[in-house]
Every structure is written in C-alpha cells, then in structure tokens.
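So the chains spell out like this:
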Amino acid sequence: MTPTTHKPLTPLHVRPAIETSLFDFFKIGPGPSSSHTIGPMRAGHDFVLRCDALDPDLVRRAARIHVVLLGSLSATGMGHGTNTAVLAGLLRTSPETCPAGLLDTLGRDADARHELRIHDVPLQVGLADIEHGPIIHDAPYSNTLRVSLEDAGGRALFSMEYYSVGGGFIQWKGWTPPERGKPVHPYGTMRQLREQLARTGLTLHELILDNESAITGMSRPDIFQNLEQIMESMYASVRRGLEAEGRLPGTLGVWRKGHTLLERAREMPLAVDRFLGQVNAYAFAVAEENASGGVIVTAPTCGAAGVMPALLYAMRYNMNIGDRALREGVLASAAVGFLAKHNAGIAGAEVGCQGEVGVASSMAAAMLAHARGYAVDVVENAAEVALEHHLGLTCDPVGGYVQIPCIERNAVGAIKAYNACLLATCEKASQHMVSLDAVIMAMNETGREMNAKFKETSEGGLAVSLVEC
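The residue numbers shown here count from 1 along each chain, following its written sequence. Whole-chain, interface and lining totals are the exception, using all residues; otherwise, since this is a predicted model, local features are given only for residues with pLDDT of at least 70 and side-chain atom pairs are given and counted only at 80 or more. Think of the side-chain values as coming from all heavy atoms in the structure, minus any hydrogens and water.

This paragraph deals with the overall build of the chain. Check the secondary structure of the chain and you find 19 helices and 9 strands. Seen along its three principal axes, the alpha-carbon backbone of the chain occupies a region of about 70 × 50 × 40 Å. Nonlocal contacts in the chain, meaning residues at least 24 apart in sequence, comprise 76% of its contacts between residues at least 6 apart. On the chain, roughly 18400 Å² of surface is accessible, and the fraction owed to carbon and sulfur atoms is 52%. In this description a helix means any DSSP run of H or I spanning at least four residues, a strand means any run of E spanning at least two, and both kinds are numbered starting from the N terminus. Two residues qualify as a contact provided that any one of their heavy atoms is within 4.5 Å of a heavy atom in the partner residue. Each accessible area is a Shrake-Rupley result for a 1.4 Å probe, and residues are judged covered by the shown protein chains and nothing else.

Here's what the structure looks like:
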C-alpha cells in the first residue's frame, strides 16, 4: 500500500487551532481535479519561481526540467490532466490565471516543445519531460511529484519534492506553515467551536469572519468582495454546464446530461420531483464542467465541485433565499470543511471519496441549515448526517477520468445534503446521537484503513469491475 499520512487518532482536545483562510479553501481554477490538476499546476509554477531566484551561473548549466509523478498522480494522472497541468505551471501559469482550454491545447501534441526562460536562459519543456513513476513509494503523501532542474548529463542542479494534499493545497519536503495572524476565536474541533460561540455570543458566520480578518488581515468589505467572486463563479459554472451538450473529453465517451436533466425535471408533475430533479441537473452541470477542464470552485475539491454550487443555485433561484443569507450559509459551510481537512482529510488519494463528495455534502447541508436561520446544533447535526452516510465511500474513477462515478456522485451528494438538513430540522436536536467530531474521526480512521487501490488509483472498485464487465 501507498504510505498514509492521515491525522493520527489522538484525542481531539489536543489538536491545534485551525488557521486556514477561506480563500485558501475555496479556490477558482481549472478541473478536473484539485489534487491532480490544481495542486500539480501550483507546484510547477512554484518550482519556476524558485528557479528564478537561483544563481544565474547555475541556471546557465541547465539543459532540462524533469518531473516524476508518484502514487495516485502517476496512476491516474493522464485522465486527470496532471501532465498538462504541471506543464502549464512550468510555463508560468497559475490556477487563478489559467485560461479556458489551455490544458486541452497543451495536451493535443505530446511531442511539442515550449520555451521557458529563466534568467534569459532558454529551456525547452514539454510533456515528454514528465515521467510516470512508481505508484507505491516511500514519500509521506500519495500525491507526490519530484521536479528537478538538470544539466545535460541528467544531474540535478536544483530539485524539489512536492505533495498535493487535497483541495489544491500543496506542501513540499521541509514545508512549514506560513506565518499568519492567529484566529481570535481559536478552535480545532466542533466541540471547541460551539464553546467559542457560547462564550462570545457570536453567530457561526460572524465567528468565521472574525477569524478570517485576524488570520489574513483582510477587512470585512474585502472578505465579502472575494466571497462574492467565489459565489458568482459557482453560479456561472452551473449556467455554463446547463448550456453545454455533447460528449466529455477522454476515451469513455460520456455524454453531458445536465441540459437534458433540467429540461425533463421541469416537465415533472410533482413539485418535489421538479425541485429535486433541478438540483440533480445543477450538480451534473458543474461536475461536467469540471470533467471537461472548465473553471470551477474547489468546495472542497474539484472532484466534488458540483455539490455545493447545486444547492447554492437552488437556494437562490428555486428557494428564493436572499443573498445575505446565502453568503452567511457559505461561511458556515467553511467551518465544516475546515474541521474535516484539519482532523482527517479531503483528498480522494488520502481518504477516498468520503473526504471529497462526503465532505462537500456535509458542507452543503450546513450551508442550507444556517442560511435558513437554524441554530448551530441543527447546523452541526445536518453536517453530521450528510457526512455519516458517505463513510467508507471509495475513490475509484473509471479510466482515471473524473466522470464515472464522479458526476452522478455529485448529484447524489447534493440530494443527500438537502435530506440531511431536512432530517436535522425535523428531529429534536437534543435527541441526536452522533457528533460531527465523531463522524470526522470515523472518516479519518476509515481512510487510514482503506486499501490504496480504492484511493484514486483506478486499480479497484468500479474502475476495474466496469471495465471487466
């Protein structure tokens, strides 16, 4: 098995405080995978910036850049666009600035060479410089890539080992967390978060805003402006996906269904069927945009990018929830995502799809409950129910593409989020038995014990059984 690095099952009260920013967590970028596309692109971009800081005399000795993909990046990198994403990063493209269609363009000619200048030294880079290494390795994270600036003899002049740890986040060998401000209301668990809310009298979204300002130094107007950009990008991804038709890229021949699902949902005689059918269509639309390499928002990942936008879009256009409540709901959802990432993981290669679609569903359930004005115990229960019923969900993409079962799974996750909120709001909150902390611990333990072939390697589960049938 590939080595695992999930958070140890230590008592939750000893966990450090969460210091993640909203805008590290919600990122706009190209699909189809935050860990396989956005993270590797960010790594390639970071490597070139580091090369810019090298001694020019050292750079003049360079002949090539060599990349080795390991673990899940090697196993399913082709279907996830990892090769073209790394190349785009090396060509000084960041996820935030990546134009639509760039990865598809880079991938059309495997033999093409592209000029990269470092200290005015011209280097030719291309997909041929990216090697698929061992799936089983001894690096601390499954999604590992090693990048080297080499001389004509293949000797490394400068090298970095990067880890794509989920949600588009990257770390590297010797990485330490960046210096930032400290949260004014520190918490590392849901229990501690509830204690802070009781102590301060703040609402959940207000506490998240206070911490964001303290961590990043941003003013509330700036936070709101950036959050509006995130939300508008989510709405736009739904609209683009609903307008698009035809087959998705790749060898599977998967048809886009979002447009058809929406048309047929609108014809359903029962109002509840129409509503749920439209939520399904919205989720398909974004997941299909992601699968085609379109621009989406990590929420918490690319592979799960259709869940939250589907419910958010429905809340705005079908449920007529106001913009302020929607924004506050998104802030509440971030608290759930932060907790899952902090105490378990959100990468399919680390914990399976329970950490991607499962966490997305949990976040969406919390978003809906908070936006509708329910108390924090109801919000927590909604998030818990959604995540609990994704426990054990494997990540087994057919052919390495984020299409089967990923697209349908986004729609099911969105519907589960709605039902989880419904359950939490209809029950007596005091009678709820399972805490969010408990289910996140269960997700972490399940992810640690899950066989590597079920964690985004396409070596087990549906990825194998569908092909063999």
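With that out of the way, let us pick up the packing of aromatic side chains. Any two rings among Phe, Tyr and Trp, with Trp reduced to its six-membered ring, count as a pair given centres within 6.5 Å; such a pair is stacked if its planes are under 30 degrees apart, edge-to-face if over 60, and tilted if neither. Tallying each qualifying case throughout the model produces 10 aromatic pairs. Where Phe25 meets Phe26, the ring centres are 5.5 Å apart and the plane angle is 90 degrees; that geometry is what we call edge-to-face. Of the two residues examined, Phe25 and Phe26, each falls in the buried class. Ring geometry for Phe275 versus Tyr418: centroids 5.2 Å apart, planes at 55 degrees, classification tilted. Placement of the pair is Phe275 in helix α11 (residues 271–291) and Tyr418 in helix α17 (residues 406–426), with a sequence separation of 143 residues. Remark: exposure states derive from per-residue accessible area (1.4 Å probe, protein chains only) relative to the maximum for the residue type, with buried under 20%, exposed over 50%, and partly exposed in between. Its relative accessible area of 21% is what places Tyr418 among the partly exposed residues.

This brings us to the sheet that holds strand β6 (residues 144–150). Criterion used throughout: strands pair if DSSP finds at least two bridges between them. As summarised here, the arrangement of the 5 strands in space is β5-β2-β6-β7-β8, forming an open sheet in which the pairing is mixed. Because the sheet does not close on itself, it has two edges, and the strands there are β5 (130–132) and β8 (169–172). The mean inter-strand angle of the sheet, taken between neighbouring strand axes irrespective of direction, is 25 degrees. Helix α2 (residues 34–52) contacts β2 (64–70), β6, β7 (156–166) and β8 of the sheet and is inclined by roughly 150 degrees relative to β7. Simply put, an axis is a line fit to the C-alpha atoms, just over the touching stretch for a helix, and the angle between two N-to-C directions goes from 0 to 180 degrees. Here helix α5 (residues 82–90) sits on the sheet and contacts β2, β5 and β6; the angle it forms with β2, its principal contact strand, is near 145 degrees.

UniProt positions are given in the numbering used here, feature names are shortened, and annotations may be inferred rather than shown by experiment. Here, UniProt's "domain: Serine dehydratase-like alpha subunit" (unreviewed entry) annotation points to residues 200–463. Across residues 200–463, the secondary structure splits into 64% helix and 1% strand, with the terminal C-alpha atoms separated by 49 Å.

What follows is about the nonpolar core. Ranked by size, the top nonpolar core spans 100 residues in total, and within it Leu22, Phe26, Tyr187 and Met308 carry the most contacts. Just so you know, the domain bounds were taken from an automatic or database domain assignment. Composition of this core by domain shows at least three residues from each of domain 1 (33–172) and domain 2 (182–466). In this view, Phe26 contacts Ile230, Met234, Val297, Thr298, Ala299, Met308, Val330, Ser333, Ala334 and Met363; residues no more than four positions away in its chain are not counted. Put simply, buried Ala, Val, Leu, Ile, Met, Phe, Trp, Tyr and Cys residues joined by side-chain atoms within 4.5 Å make one nonpolar core. Membership of the second largest hydrophobic core comes to 35 residues, among which are Met41, Phe47, Ile65 and Val147.

Here the focus is the pattern of salt bridges. Basic side-chain nitrogens of Lys or Arg form a salt bridge, by our definition, when they fall within 4 Å of a carboxyl oxygen of Asp or Glu. Scanning the model with the defined rule gives 23 salt bridges in all. Across the salt bridge formed by Asp46 and Arg50, the nearest N and O atoms sit 2.6 Å from each other. Residue Asp46 and its partner Arg50 are both found in helix α2; the two are separated by 4 residues, about one turn of the helix. We note a salt bridge from Asp129 to Arg113, for which the minimum N-O separation is 3.1 Å. Placement of Asp129 in the loop between β4 (121–125) and β5 and of Arg113 in the loop between α6 (102–107) and β3 (114–118) is noted, with a sequence separation of 16 residues between them. One continuous salt-bridge network, built from bridges that share partners, spans Arg64, Arg113, Asp129 and Glu150.

Domain boundaries in the chain define domain 1 (33–172) and domain 2 (182–466). Taking only C-alpha atoms into account, the centre of domain 1 sits 29 Å from that of domain 2. Contact residues are listed per partner, giving 18 residues for domain 1 and 20 residues for domain 2. Buried area between domain 1 and domain 2, both sides added, is near 1400 Å², and the carbon and sulfur share of it is 60%. Summed over both partners, the accessible area lost on bringing two parts together, with a 1.4 Å probe, is the buried area.

By the element assignment, Thr189 lies in the loop between β8 and α7 (190–200). Judged by its relative accessible area of 3%, Thr189 falls in the buried class.

Here the focus is the UniProt feature "domain: Serine dehydratase beta chain" (unreviewed entry) in the chain. Mapped onto this structure's residue numbering, the UniProt feature "domain: Serine dehydratase beta chain" (unreviewed entry) falls at residues 21–173. Annotated as residues 21–173, this span is 34% helix and 29% strand, and its ends, taken at the C-alpha atoms, are 22 Å apart.

Once that is clear, we can look at unusual backbone geometry. In this structure, Pro32 follows Gly31 across a cis peptide bond, with omega equal to 15 degrees. Locating Pro32 in the fold gives a position in the loop between β1 (28–30) and α2. At Arg92, a position not held by glycine, the phi torsion is positive, near 75 degrees. Inspection of the secondary structure puts Arg92 in the loop between α5 and α6. The residue His119 is not glycine, and still its phi comes out positive at about 55 degrees. Tracing the backbone shows His119 in the loop between β3 and β4. Classification of His119 as partly exposed rests on a relative accessible area of 33%.

Another point: the pairing of β2. Counting buried positions along β2 gives 6 out of 7 residues, so the element sits mostly inside the fold. Both β2 and β6 contribute to a ladder of 7 bridges, which runs antiparallel. Within the sheet, the bridge partner assigned to Val68 lies in β6 and is Arg146. Looking at chain direction, β2 and β5 are connected through 3 bridges and run parallel. Bridge pairing links Leu69 to His132 in β5.

With that settled, consider the environment of Met319. Structurally, Met319 is set in the loop between α12 (307–317) and α13 (323–343). Considering only alpha carbons, one finds Met319 and Arg240, 79 residues apart in sequence, at a separation of 21 Å. For Met319, the contacting residues outside a window of four places in its chain are Phe275, Ala314, Leu368, Arg372 and Tyr418.

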